[in-house]
Amino acid sequence: MSKLLIEGVSRTFAGVRGGQPVKALMPADLAVAANDFITILGPSGCGKSTLLRIVAGLEAPSTGRVLLDGKAVTRPGPDRGMVFQSYTLFPWLTVAQNIAFGLRERGMAEKERDGIVASYVDLVGLKGFENHWPKQLSGGMQQRTAIARALANDPEILLLDEPFGALDNQTRGLMQELLLGIWERRKKTVLFVTHDIEEAIFMASRVIVMSARPGRIKSDVAIDLPHPRHYTLKTSPEFSDLKARLTEDIRVEAMRTAQNMAVS
Amino acid sequence: MRPLHPVSPGIRTVLGISFFVLFVAFWAWITLGGHVNRIFLADPLSMLRDGWRLLVEDRFWLDILITIWRVFGGFLLASVVAVPIGIAMGAWKPVEAFLEPFVSFARYLPASAFIPLLILWAGIGELEKLLVIFVGSVFQIILIVAVKVGSTRRDLVEAAYTLGSTNNGIVKRVIMPANAPEIAETLRLVLGWAWTYVIVAELIGSSSGIGYMIINSQSRLATGQIIFGIIVIGLIGLLSDFAFKAFNRWLFPWSLA
């Protein structure tokens, strides 16, 4: 049985001031197996973030439904952890308190929380920064904390919405290795949205390519590169072949988006 | 001068102090130099002399204490009522729809115009003074707090939901801590206005306080005392503002780190 099932999910936004309604997402179907790492790749405005937010329960689909372990998603919940592109650490809580937030909301005793928090601080390499405020951290460290915060809750699926989009190239590469390393060791079902082709291939066991507005799923590419993956993989011939293929796919879509913008 | 170009801290201090010096020098020049009649404006030296006599002989410090107590009493009363209402309005839109039109209207009712009514209702005792400050502050605080709370970062709220927060958890553990520093800043601002209301309250139907001393001095043309009273209000306002600022900084280290 699939871990996550997306069945005919679409999203239409009401027109502004009596204008035409905007179709952000055409009906999409997707089945995600347990412990799969899926990246959703597409140009800006293809509805990939909308799809992820519907899975998270932060937005309601116009049609269709999302099933997690056979249960329909109606609202956000701790079984679907999310990491956002913007920095969403709670600024009034320290790194450790941020990571403990979900456990605290669940009513877990402080003693029990401390052990779990310590292990996740360790996992994302933030030892020594437990008592720092988010403002004192670099962007990469903030996103590492956000990942630890989502994982500490032990969600059924981890959703990431361009989590490294605001980071510089070097930090981004390190963050990719860190997240992939965690996934290789701990196994988790992951849905990862990005517009970066290299990132999509490097992280994924499957890349879902989305088309330009109105967004729909265009292709579904299995990535059979071996694990554990090392950053040198990005310069291997197999990687280059996949990159060339996806670049072509995405280029067509990006050009279509640009043309749509030119006419509208 | 280059627009928006910063000034060094040393020059900033010198410039800030030099205006005070110029101001007092101008004041001394027009009064001591005989350019205005002493009846209308006392010179700086006799102002200081009058102030010293007020403090030592007329026990003016008691008036100062009673005014401070009124300001903080009325202000605390207003805060205790207004902050929860403001948070409720910002967080729950039906509450906002219910109260916002009335509060917006009530905010423009001048507190000073209520003084005759409040005297009828509460007499000329302490309660009336507190109520003037209360009426002047409470609607302002409600509205500003409601607006701040209403503009809570949505991504933080969404993040909390994905971590399992309930609706009540969002209000208690996201909306309230996220806005606490701004609410404290709002209270600091409104405390400044409370100083204006208290003096107005003391000018009418009062027998103690800084405002009473000022109106009393007017009938005796003691302009030195009036100016001394005004300067005392300014100094206390400045001090309480500094203290409030320091307190906020101590309370919310995360918002400035």
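Owing to the predicted nature of the structure, the values given are computational and were not obtained by experimental measurement.

Caption draft 1: Just the overall build of chain B, in detail. What chain B contains, in helices and strands, is ten helices and zero strands. Written out in order from the N terminus, the α and β elements of chain B read α-α-α-α-α-α-α-α-α-α. Relative to the globule expectation of 18 Å for 257 residues, the C-alpha radius of gyration of chain B, 23 Å, shows a markedly less compact shape. Taking the principal axes of the C-alpha coordinates as reference, chain B spans close to 75 × 55 × 30 Å. The buried share among the 257 residues of chain B stands at 34%.

Caption draft 2: How the structure looks around the UniProt feature "domain: ABC transmembrane type-1" (unreviewed entry) in chain B. Taking the UniProt record as the reference, the feature "domain: ABC transmembrane type-1" (unreviewed entry) is found at residues 64-244 of chain B. Across residues 64-244 of chain B, helical content stands at 85% and strand content at 0%; the span's end C-alpha atoms are separated by 19 Å.

Caption draft 3: Structural context of the interface of chain A and chain B. Contacts between the two partners involve 23 residues from chain A, matched on the other side by 15 residues from chain B. In terms of residue class, the side of chain A that touches chain B is made up of eleven nonpolar, seven polar and five charged.

Caption draft 4: The arrangement of the nonpolar core in detail. Counting 132 residues, the largest nonpolar core has Leu41, Val55 and Leu191 of chain A together with Ile133, Ile141 and Val145 of chain B as its most contacted members. By residue number, the principal contributor to this core is helix H6 (residues 126-150) of chain B, which donates 15 residues. Leaving out residues up to four positions away in the same chain, Val55 of chain A has contacts with Ile6, Val66, Val73, Arg80, Leu159 and Leu191 of chain A.

Caption draft 5: Summary view of the UniProt feature "transmembrane region" (unreviewed entry) in chain B. If you check UniProt for "transmembrane region" (unreviewed entry), the listed places come out as residues 15-40, 60-85, 105-123, 130-147, 194-214 and 226-247 of chain B in our numbering. Segment residues 194-214 of chain B splits into 71% helix and 0% strand. End C-alpha atoms: 17 Å apart.

Caption draft 6: Spatial organisation of the domain arrangement of chain A. Residues and elements named next belong to chain A. Here the domain parsing of chain A yields domain 1 (1-13 + 22-79 + 157-264) and domain 2 (89-154). The straight-line distance from the C-alpha centre of domain 1 to that of domain 2 is 25 Å. Facing the eleven residues of domain 1 at the interface are eleven residues of domain 2. Across the side of domain 1 that touches domain 2, the residue classes break down as ten nonpolar, one polar and no charged.

Caption draft 7: Spatial organisation of the environment of Ile157 of chain A. Residues and elements named next belong to chain A. With respect to the helices and strands, the residue Ile157 is situated in strand S7 (residues 157-161). Taking the C-alpha atoms as reference points, Ile157 and Leu4, 153 residues apart in sequence, are found 8.4 Å from one another. Not counting the four nearest positions on each side in its chain, Ile157 is found in contact with Lys3, Leu4, Leu68, Arg80, Thr189 and Leu191.

Caption draft 8: Unusual backbone geometry, seen in detail. Backbone torsion omega between His227 of chain A and Pro228 of chain A reads -10 degrees, so that peptide bond is classified as cis. Here Pro228 of chain A shows up in the loop between strand S10 (217-222) and helix H7 (237-263). If you check the backbone angles, Asp69 of chain A has positive phi at about 50 degrees while not being a glycine. Tracing the backbone shows Asp69 of chain A in the loop between strand S4 (63-68) and strand S5 (71-72). One non-glycine residue, Leu221 of chain B, adopts positive backbone phi at about 55 degrees. With respect to the helices and strands, Leu221 of chain B occurs in the loop between helix H9 (210-219) and helix H10 (223-251).

Caption draft 9: Quick peek at the UniProt feature "domain: ABC transporter" (unreviewed entry) in chain A. Within this numbering scheme, the UniProt entry marks residues 4-237 of chain A as carrying the feature "domain: ABC transporter" (unreviewed entry). Split by type, residues 4-237 of chain A is 32% helix and 26% strand. Its first and last C-alpha atoms lie 32 Å apart.

Caption draft 10: Representation of the pairing of S7 of chain A within the structure. Residue and element names in this part refer to chain A. The element S7 is largely enclosed, with a buried count of five among its five residues. Sheet topology places strand S6 (residues 80-83) next to S7; four bridges connect them, and they run parallel. The residue of S7 that forms the bridge with Val83 is Leu160. Sheet topology note: the S7/strand S8 (residues 189-194) ladder contains five bridges and is parallel. Residue Leu158 lies in a different strand from S8, and its bridge partner there is Val190.

Caption draft 11: Main features of the sheet that holds strand S1 (residues 4-13) of chain A. All names here are of chain A. An order of S2-S1-S4-S5 is seen for the four strands of this open sheet, with the pairing classed as antiparallel. Each end of this open sheet is capped by a strand with a single partner; those strands are strand S2 (22-32) and S5. Judged from the seven bridges that link them, S1 and S2 form a sheet pairing that is antiparallel. Within S2, the residue paired with Phe13 across the bridge is Val22. Sitting on the sheet, helix H1 (residues 48-56) touches S1, S2 and S4, and the angle it makes with S1 is about 120 degrees.

What counts and how
Residues numbered from 1 in each chain as written. Chains lettered and ligands numbered in written order. Predicted model: local features only at pLDDT ≥ 70, side-chain atom pairs only at ≥ 80, totals over all residues. Helix = DSSP H or I, 4+ residues; strand = E, 2+ residues; numbered from the N terminus. Rg over C-alpha atoms; globule rule 2.2 N^0.38 Å. Buried ≥ 20, exposed ≤ 12 C-beta atoms within 10 Å, placed from the backbone. UniProt positions renumbered as here; feature names shortened; annotations may be inferred. Contact = placed C-beta atoms within 7 Å. Nonpolar A, V, L, I, M, F, W, Y, C, P; charged D, E, K, R; others polar. Core = buried A, V, L, I, M, F, W, Y, C linked by C-beta atoms within 7 Å. Domains from an automatic or database assignment. Pairing = 2+ DSSP bridges. Axes fitted to C-alpha atoms, helices over the stretch in contact; angles between N-to-C directions.

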